[in-house]
Amino acid sequence: MSKPVTPPDLSGRAAVVTGGGSGIGRALALALTDLGATVWVVGRRRSVLLETASLRSGQIHPFVGDVADAALAESLASTVAEATDGTLAVLVNNAGVLGPRAPLLDYPQEDFEEVFRVNVFGVSIVTRALLPLLLSEAPGSVVVNLSSGVGRVGRAQWGAYAASKFAVEGLTQVWADELRTSGVSVHALNPGATRTAMRAEAKPEEDPSTLPTPTDIVPSLLYLLSPEAAGPSRTGQSIDARDFMVTS
Ligand SMILES: NC(=O)c1ccc[n+]([C@@H]2O[C@H](COP(=O)([O-])OP(=O)(O)OC[C@H]3O[C@@H](n4cnc5c(N)ncnc54)[C@H](OP(=O)(O)O)[C@@H]3O)[C@@H](O)[C@H]2O)c1
């Protein structure tokens, strides 16, 4: 299935991609600059953020920190607001951690809490901090939350990660309903198995060359940013990147 998409024009507009230093986040940040946006990439490792920024000099700004740190999120909001007169067109909540691949019975409590801290509270904290900017840009601003197949159907040994992605799907639906008439759309995006460090950690036995690359996720993002996915009756979608991949 490939839906017709009107390419969004983000010239002169701003975007934030958490976890934009690597993997899927980096590919989505680069795609947003191709649409004309200025992008802030957020993560804990300065080195990978700088690497992403160096790929689009002047169009990508690194912002170092932990997404679950509320003070960091407020400081991010201030930084973006100062540079943009208080507006933000796109927020991609992509940062995430896998946690151990272990049965729930043996799952260490501190790992459970860390996975929820980053994958759930991080999404909530960053969205709340940036919402005033998204509302200033509306109508037409968009939040995209990275979900997972195990955020819809639980599977053995995906532990807190699976539960955290169910929570991301839930947060997406609640935000979408609460913001239905605000002009801010909120969607969930399941990339599916993708050739990144996280996937290699989850499935070390798998041959990465058999998997789609982070760049293959871009068409699904373009759909979620397009007018076809906007508006009160279309917000709150939960889509699979596979349905939008360009097959050769
Ligand atoms: N790859 C797949 O097959 C797959 C499948 C389904 C869903 N997903 C989802 O897609 C998203 C991207 O995953 P990926 O595969 O691209 O993984 P990745 O390469 O490991 O990237 C994860 C990114 O999140 C950042 N991050 C982690 N914890 C953070 C924190 N506390 N604060 C700020 N940034 C943090 C990391 O940067 P730092 O370490 O520098 O902070 C890193 O840049 C995740 O939400 C993941 O759950 C991936």
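Provided above is the structure to which this section pertains.
Keep in mind the model is a prediction, meaning the values are calculated, not measured.

A. Broad picture of the overall build of the protein. Scanning the protein from N- to C-terminus turns up seven helices and seven strands. Ordered by position from N to C terminus, the α and β elements of the protein give β-α-β-α-β-α-β-α-β-α-β-α-α-β. Taking 2.2 N^0.38 as the reference for a compact globule, 248 residues should give roughly 18 Å; the C-alpha atoms of the protein span a radius of gyration of 17 Å, in line with that estimate. C-alpha atoms of the protein, sized along the principal axes, occupy 50 × 45 × 40 Å. Within the protein, the fraction of its 248 residues that count as buried is 50%. A sequence separation of at least 24 residues applies to 69% of the contacts in the protein between residues at least 6 apart. Accessible area for the protein stands at about 11,000 Å²; split by element, carbon and sulfur atoms hold 54% of it.

B. Fine view of the site of the ligand. Taken together, 27 residues form the shell around the ligand, and within it Ser 22, Arg 44, Arg 45, Tyr 161 and Thr 196 come nearest. Separating an oxygen atom of the ligand from a backbone N or O atom of Ile 24 is a distance of 2.9 Å. One nitrogen or oxygen atom from the main chain of Gly 192 is found 3.5 Å from an oxygen atom belonging to the ligand. Contact with the protein chains removes 94% of the 890 Å² of surface that the ligand exposes when unbound. Every element with two or more residues in the shell around the ligand is listed here: helix H1 (23-34), helix H5 (159-178) and helix H6 (197-202). Here the shell around the ligand is built from residues that sort into 10 nonpolar, 12 polar and five charged.

C. Structural view of the pairing of strand E2 (residues 38-43). Counting buried positions along E2 yields five of six residues, so the element is predominantly enclosed. The pairing of strand E1 (residues 14-18) with E2 spans five bridges and is parallel. By the bridge assignment for E2, Ala 15 is matched with Val 39. This β-α-β element, E1 to H1 to E2, shows right-handed connectivity. In this sheet, strand E3 (residues 60-64) lies alongside E2 in parallel orientation, the contact comprising five bridges. Note that in E3 the partner of Trp 40 across the bridge is His 61. Note that the unit made of E2, helix H2 (residues 46-54) and E3 has a crossover that is right-handed.

What counts, and at which threshold
- Here the residue numbering is sequential within each chain, running from 1 through the sequence in written order.
- Local features in a predicted model are, by the rule used here, given only for residues with pLDDT of at least 70; side-chain atom pairs are given and counted only at 80 or more, and totals for whole chains, interfaces and linings are based on all residues.
- Values reported for side chains reflect all heavy atoms of the structure, with hydrogen atoms and water molecules removed beforehand.
- Think of it this way: any DSSP run of H or I at least four residues long counts as a helix, any run of E at least two long counts as a strand, and we number them from the N terminus.
- Radius of gyration: C-alpha atoms only; globule rule: 2.2 Å multiplied by the number of residues to the exponent 0.38.
- Classification of residues uses two cut-offs on accessible area relative to the type maximum, computed with a 1.4 Å probe and protein chains only: under 20% is buried, over 50% is exposed, and between them is partly exposed.
- Every residue pair with non-hydrogen atoms within 4.5 Å of one another is taken to be in contact.
- Exposure was quantified through the Shrake-Rupley algorithm and a 1.4 Å probe, taking into account, for residues, occlusion by the shown protein chains and nothing else.
- We call a residue near a molecule or strand whenever a single non-hydrogen atom of that residue lies within 4 Å of it.
- N or O atoms closer than or at 3.5 Å make up a polar contact, with two conditions inside protein: a donor-capable atom paired with an acceptor-capable one, and, for residues adjacent in sequence, both atoms drawn from side chains.
- Only Asp, Glu, Lys and Arg are considered charged in this grouping, and only Ala, Val, Leu, Ile, Met, Phe, Trp, Tyr, Cys and Pro are considered nonpolar; every other residue, Gly among them, is considered polar.
- What makes two strands pair is DSSP finding at least two bridges between them.
- Clockwise travel from the first strand over the helix to the second, with the strands pointing away from the viewer, marks a crossover as right-handed.

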